Amino acid sequence: MLNNILQTINAKGYVLFTRPFELNIVGVRSRNARPNAFDDTIHVFYQRADKQWVHNAFAATTDPGTYWLKKLMNPAGTAILQPGQYLNAYRIGVHRNKYQALVQQGPVTVIRDANQDGWLNFDSATTQTGLFGINIHRAAVKGKTQYVNDHSAGCQVLADANDFHLLMELAQRHKKWYGNNFTYTLLAEQDIVMK
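This text gives an overview of the structure that appears in the document. (Residues numbered from 1 in each chain as written. Predicted model: local features only at pLDDT ≥ 70, side-chain atom pairs only at ≥ 80, totals over all residues. Heavy atoms only, no water.)

Attention shifts here to unusual backbone geometry. In this structure, phenylalanine 21 is a non-glycine residue whose phi angle is positive, near 70 degrees. Tracing the backbone through its elements, the reader meets phenylalanine 21 in the loop between helix H1 (2-11) and strand S1 (24-29). Positive phi, normally seen in glycine, also occurs at asparagine 149, with a value near 50 degrees. By the secondary structure assignment, asparagine 149 is in the loop between strand S9 (136-138) and strand S10 (156-158). Note on asparagine 149: relative accessible area 36%, which makes it partly exposed. (Helix = DSSP H or I, 4+ residues; strand = E, 2+ residues; numbered from the N terminus. Buried < 20%, exposed > 50% of the residue type's maximum accessible area, 1.4 Å probe, protein only.)

By the element assignment, tryptophan 177 lies in helix H3 (residues 161-178). Put simply, tryptophan 177 and arginine 19 are 158 residues apart on the chain and 9.9 Å apart in space, counted from C-alpha to C-alpha. Setting aside its immediate chain neighbours within four residues, tryptophan 177 contacts Pro20 and Phe21. (Contact = heavy atoms within 4.5 Å.)

So, on to the sheet that holds strand S8 (residues 127-130). Strand order across the open sheet formed by 3 strands is S4-S7-S8, with antiparallel pairing between neighbours. The two strands at the open ends of the sheet, each matched to only one other strand, are strand S4 (78-81) and S8. Averaged over all neighbouring strand pairs, the angle between strand axes comes to 40 degrees, with direction disregarded. Summarising the sheet, S4 and strand S7 (residues 108-113) pair through 4 bridges and their orientation is antiparallel. (Pairing = 2+ DSSP bridges. Axes fitted to C-alpha atoms, helices over the stretch in contact; angles between N-to-C directions.)

On to the nonpolar core. The biggest cluster of nonpolar side chains holds 30 residues, and the ones touching the most others in it are Ile25, Tyr90, Leu102 and Leu167. Breaking this core down by element, the ones donating at least two residues are strand S2 (40-47), strand S3 (53-61), S4, strand S5 (84-95), strand S6 (99-104), S7, H3 and strand S11 (182-188). Tallying contributions element by element places H3 first for this core, with 5 residues. The residues contacting leucine 167, other than those within four sequence positions of it, are Ile25, Val44, Phe58, Leu102, Ile136 and Leu158. Grouped together as the second largest cluster of nonpolar side chains are 9 residues, Leu2, Leu6, Val26 and Ile192 included. (Core = buried A, V, L, I, M, F, W, Y, C linked by side-chain atoms within 4.5 Å.)

Right, let's talk about the packing of aromatic side chains for a bit. Any aromatic ring pair is given by two values, namely how distant the centres are and how the planes are angled relative to each other. Tallied over the entire structure, the rule returns 7 aromatic pairs. Relative to tyrosine 46, the ring of phenylalanine 21 lies with its centre 5.6 Å away and its plane at 45 degrees, an arrangement referred to as tilted. In this pair, phenylalanine 21 sits in the loop between H1 and S1 while tyrosine 46 sits in strand S2, placing the two residues 25 residues apart along the sequence. With a relative accessible area of 18%, phenylalanine 21 lands in the buried category. Judged by centre distance (4.7 Å) and plane angle (85 degrees), the ring pair of tyrosine 67 and tryptophan 68 falls under edge-to-face. Members of the aromatic cluster, connected to one another through ring pairs, are Phe21, Tyr46, Trp177 and Tyr178. (Phe/Tyr/Trp six-rings, centres within 6.5 Å; stacked < 30°, edge-to-face > 60°.)

What follows is the structure, given as structure tokens:
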């Protein structure tokens, strides 16, 4: 899968980070648009000093849970992150005044789903670009969470607390070497180059 992601990043003209231990954080949104499932993947990969790739794939959601699809936090609609590359849009910070996560510091583009039917509406004509608190964080404090529910109102959320802990360890190393800026790339599964 990593080779397919690398080819897709190149095909789209996105930035690929290749300095030793510099993180590439890439979400892949499943073509299966079931709400409330951790059916997406967040890939975290980097090159070692010997130019070999190290790749981790974490079960996640790149979509809001049904709780927020039915109960709007924003009158314009629930945020669904639009696929794209968001350069230096994240930093290590505090998520909802509770724990360290990757928090939004630069603009991202979201699709607004306002019909409150509990289903993901990727075709909404309403989009917004700005700072919305679309963070990258975990679900429950411990273990693996089965359903998204209210864990995401548009954030990118890892299902397993241990996976999230590893992500943050890698992020701390990246920060020490390259500063507190992280790029997040979201790809749609159907756009992945398969060769």
